[in-house]
Amino acid sequence: MVNPSPQRTGHVGSRILSVASYRPRTEVGNETIAALIDSSDEWIRRRCGIESRRRAAPDEDLVTMAAAAGSKALAGAGIDPRDVSAVLVATMSHRGRATTAAPLVADALGATAAAAMDLGAACAGFPYALATADALVRSGAAGYVVLVGAERMTDIIDERDRGTAFLFGDGAGAVVVGPAETCEIGPVVWGADGSRSEVLRYDEAGILRMVGPEVFRWATSVVPDVARRALDAAGISASDLAAFIPHQANLRITSVAAKALGLGPHVRVATDIITNGNTGAASIPQAMAALPDTTGPALLVGFGAGLSYAAQVVTLP
Ligand code: UT7
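As the structure is a prediction and not an experimental result, all values here were calculated from the model. (Residues numbered from 1 in each chain as written. Predicted model: local features only at pLDDT ≥ 70, side-chain atom pairs only at ≥ 80, totals over all residues. Heavy atoms only, no water.)

S.K.: Give me the lowdown on the overall build of the chain, citing residues and values where you can.
M.R.: Looking only at helices and strands, the chain has nine helices and 14 strands in total. Relative to the 2.2 N^0.38 estimate, which gives 20 Å for 317 residues, the radius of gyration of the chain is 19 Å and therefore close to what a compact globule would have. Within the chain, buried positions represent 54% of all 317 residues. Across the chain, contacts joining residues at least 24 apart in sequence account for 78% of those joining residues at least 6 apart. For the chain, the exposed surface amounts to about 13,000 Å²; the carbon and sulfur share of it is 51%. Here the chain carries 27 positive and 32 negative side-chain charges, and the mean point of each set is 3 Å from the other. (Helix = DSSP H or I, 4+ residues; strand = E, 2+ residues; numbered from the N terminus. Rg over C-alpha atoms; globule rule 2.2 N^0.38 Å. Buried < 20%, exposed > 50% of the residue type's maximum accessible area, 1.4 Å probe, protein only. Contact = heavy atoms within 4.5 Å. Areas by Shrake-Rupley, 256 points an atom, 1.4 Å probe, with all protein chains shown as cover. Lys, Arg positive; Asp, Glu negative; His and termini not counted. Charge placed at Lys NZ, Arg CZ, Asp CG, Glu CD.)

Shown next as structure tokens:
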């Protein structure tokens, strides 16, 4: 090291300054999908709560959707893109290019001074990236961070796969994270179990394949556990929460977790999946943006391929 004691100005804490979402223009109802997989609107609603999802048109590529959400989040925070020091993109569906998505998103945003990288933790990607953004800001390595969860799941699913075709949707959600005098992004509780990665994987053609019931069983046990540990780490209890915003994987998983946590009627439970489907790493920020009138502490829990999970309590902007 050239300088043995480099100066770095860190911050006591960080916070989410704004949240925004991009939803593709085309809404696709259950009937359209059910016709291809010998299913029904009734079965899909009953098994996962989904009534419709958005599907990206050809001009709505992953980078375009991510930049649209990021740009809205920057405007909401009142931050000039040139003042952004890092752009993080959480995604599991960006493919076909040597470049990761983040440099392209940073370019589209006009974040010319920003470091840019993708973060791959599948449907746990958003809370993983949020923990990273928090650490970057507190260490002084970054000032303002744009964090986008973006997915074009249409590119990685088989429309004739009965186990996944009805579940996933496309879209992007973004937050801007910046310095704060107090810690408004709580300690992350995270982990992974690679020994079980086969239950949610890409096949040889790069198509997502899932052993749904096994993932469901794992999720209904891991989500309440990691949620409780995140509450403990933040030093609050479930009754202090204003909102519970888990990854929107299946409405039944959300309901099981909300019940296990004993959430009272005052806690807003995110149900964005009903009209948005499961949008992978985008689902948490999109669900957060769908609760615009809610402020105060929110518990976020991401989980999915890996198998990976991560949770933290944040103060909603
Ligand atoms: O986001 C990343 C993490 N992902 C998740 O957390 C997803 C977790 N898994 C799930 O959400 C659920 O497993 C699904 C929603 C994907 C599937 O629901 P399920 O209740 O686990 O269905 P299943 O695969 O156990 O199938 C139950 C029944 C079977 O029929 P029988 O054997 O009971 O007669 C299936 O053949 O439903 C049948 N089935 C279908 N019927 C109509 C399976 N898929 C379909 C379908 N339409 N698409």
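Still more ground to cover, so stick around.
S.K.: Residues and numbers for the side chain of Asn278, please.
M.R.: Secondary-structure assignment places Asn278 in the loop between helix H8 (273–276) and helix H9 (283–289). We classify Asn278 as buried; its relative accessible area is 3%. In this structure Asn278 touches Ile50, Cys123, Met153, Leu167, Phe168, Gly169, His247, Gln248, Ala249 and Ile273, once residues within four positions along its chain are discounted.

S.K.: Before we move on, could you go through the pattern of salt bridges and cite the residues and values that matter?
M.R.: Considering all chains together, one arrives at 15 salt bridges under this definition. Of the charged contacts, one joins Asp161 and Arg209 as a salt bridge, the two residues approaching to 2.9 Å between their closest N and O atoms. With Asp161 in the loop between strand S6 (144–152) and strand S7 (170–180) and Arg209 in strand S10 (residues 208–210), the pair connects residues that are 48 residues apart, well separated along the chain. (Salt bridge = Lys/Arg side-chain N within 4 Å of Asp/Glu carboxyl O.)

S.K.: Please set out the side chain of Glu60 residue by residue, giving values where relevant.
M.R.: Among the structural elements, Glu60 can be located in the loop between strand S3 (52–55) and helix H3 (62–77). Relative accessible area serves as the criterion here: at 1%, Glu60 is assigned to the buried category. Within the structure, Glu60 has its side chain in polar contact with the side chain of Tyr22 (distance 2.5 Å). (Polar contact = N/O pair within 3.5 Å; in protein donor to acceptor, adjacent residues only side chain to side chain.)

S.K.: Explain the site of the ligand to me, using residue names and the numbers behind them.
M.R.: The local shell around the ligand holds 20 residues, among which Ser39, Arg47, His247, Asn250 and Asn278 are the closest. A distance of 2.6 Å is found between a nitrogen atom of the ligand and a side-chain nitrogen or oxygen belonging to Ser39. Residue Trp43 places a side-chain N or O atom 3.3 Å away from a nitrogen atom belonging to the ligand. Taken by itself the ligand offers 960 Å² of open surface, and the protein chains cover 71% of this. (Near = heavy atom within 4 Å.)

S.K.: Report on the sheet that holds strand S11 (residues 243–246), specifying residues and quantitative values.
M.R.: Within the open sheet, the five strands sit side by side as S8-S14-S13-S11-S12. Their pairing is mixed. Edge strands, defined here as strands with exactly one partner in the open sheet, are strand S8 (189–192) and strand S12 (268–269). Relative to strand S13 (residues 296–304), S11 runs parallel, the two sharing four bridges. In the sheet register, Ile245 faces S13, and the bridge partner there is Leu300. (Pairing = 2+ DSSP bridges.)

S.K.: So what's going on with the domain arrangement of the chain? Residues and values would help.
M.R.: Examined at the domain level, the chain breaks down into domain 1 (13–180) and domain 2 (189–316). Computed over C-alpha atoms only, the centres of domain 1 and domain 2 are separated by 15 Å. Counting from both sides, the interface comprises 48 residues of domain 1 and, opposite them, 45 residues of domain 2. Roughly 3,400 Å² of surface becomes buried between domain 1 and domain 2 when both sides are summed, with 61% attributable to carbon and sulfur atoms. In terms of surface lost to domain 2, no three residues of domain 1 exceed Arg23, Cys123 and Tyr128, which account for 17% of the buried area on that side. Between Arg209 and Asp158 there is a salt bridge; the shortest N-O distance is 3.3 Å. Taken together, the links from domain 1 to domain 2 amount to 22 residue pairs in polar contact (both at pLDDT 80 or more). Elements represented by at least two residues in the side of domain 1 that touches domain 2 include exactly strand S1 (13–22), helix H2 (41–48), S3, helix H5 (125–139), S6 and S7. Counting residues per element, the side of domain 1 that touches domain 2 draws most heavily on S7, at six residues. Considered class by class, the residues forming the side of domain 1 that touches domain 2 number 26 nonpolar, ten polar and twelve charged. (Domains from an automatic or database assignment. Buried area = accessible area lost by both parts, 1.4 Å probe. Nonpolar A, V, L, I, M, F, W, Y, C, P; charged D, E, K, R; others polar.)

S.K.: Talk me through the sheet that holds strand S5 (residues 115–119); I want residue IDs and the actual numbers.
M.R.: Judged by pairing direction, the sheet is mixed, and its five strands sit side by side in the order S1-S7-S6-S4-S5 without closing on themselves. Edge strands, defined here as strands with exactly one partner in the open sheet, are S1 and S5. Within the sheet, the average angular offset between the axes of one strand and its neighbour, ignoring direction, is 20 degrees. (Axes fitted to C-alpha atoms, helices over the stretch in contact; angles between N-to-C directions.)

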